[in-house]
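In case you want the letters, here they are:
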Amino acid sequence: MISGTNTYDTDQRTWETGEYSGYYMYDSVGAFVPHAGSLPSGPVECHGAGFWTPEEILGDGICIFGEAPNRWTVAFELAPGNQFDAQKVEKYQRRGTWMVVRGTGKYVGMTGSGSFMSGPVVDGRKTTEWEGEVELPK
């Protein structure tokens, strides 16, 4: 079992496709701190894109953890039903799932999956809480 928090600066671009709907892309760079498990803390970068409507926000992307040559990449996807409220000040609390897709260096052969919830913006930086189960290479 593992869990942790990502904290990062995010550059986001949006294109409106209608009233309270559109397409977004973002790049986030920062650090992660594990709360459980044997993974060390380190840098993280996440990249994603998706659509929002008055009813829902959809999207997916990747996060790359660690420093070269020892890195692992997860693919993530927002869960169905993440409601979007264009009137809310805090629009970033979203839930979804992730899955390890590739490891390099000492993480070659890493597998696992879990869930995440994007959290509040703290001191101008985006946060994400995550947890799951991984199997590390022997």
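Residues numbered from 1 in each chain as written. Predicted model: local features only at pLDDT ≥ 70, side-chain atom pairs only at ≥ 80, totals over all residues. Heavy atoms only, no water.

## Side note on the sheet that holds strand 4 (residues 57–67)
Around the barrel, which closes on itself, the 8 strands sit in the order 1-2-3-4-5-6-7-8 with antiparallel pairing between neighbours. Adjacent strand axes in the sheet meet at a mean angle of 25° when their direction is disregarded. Across 7 bridges, strand 5 (residues 70–78) lies against strand 6 (residues 95–103) in antiparallel orientation. By the bridge assignment, Trp72 is partnered in strand 6 with Gly103. (Pairing = 2+ DSSP bridges. Helix = DSSP H or I, 4+ residues; strand = E, 2+ residues; numbered from the N terminus. Axes fitted to C-alpha atoms, helices over the stretch in contact; angles between N-to-C directions.)

## Examining the pattern of salt bridges
What the rule picks out here adds up to 4 salt bridges. Salt-bridge contacts for Asp9 lead to Arg125; the nearest nitrogen and oxygen are separated by 3.3 Å. You can see Asp9 sitting in strand 1 (residues 2–18) and its partner Arg125 sitting in the loop between strand 7 (111–118) and strand 8 (126–135), a full 116 residues away along the chain. Residues Arg13 and Asp11 are paired through a salt bridge, measuring 3.5 Å at the closest nitrogen-oxygen approach. Judged by its relative accessible area of 28%, Arg13 falls in the partly exposed class. Asp11 gets classed as partly exposed once you look at its relative accessible area, which sits at 46%. (Salt bridge = Lys/Arg side-chain N within 4 Å of Asp/Glu carboxyl O. Buried < 20%, exposed > 50% of the residue type's maximum accessible area, 1.4 Å probe, protein only.)

## What about the nonpolar core?
Counting 22 residues, the largest nonpolar core has Val44, Cys63, Phe65, Trp72, Val74, Trp98 and Trp130 as its most contacted members. Those elements that place two or more of their residues in this core are strand 1, strand 2 (21–36), strand 3 (42–52), strand 4, strand 5 and strand 6. At 4 residues, the largest contribution of residues to this core is made by strand 5. Those residues in contact with Trp72, other than ones at most four positions away along the chain, are Phe32, Leu39, Cys63, Ile64, Phe65, Arg102, Gly103, Tyr107 and Met110. (Core = buried A, V, L, I, M, F, W, Y, C linked by side-chain atoms within 4.5 Å. Contact = heavy atoms within 4.5 Å.)

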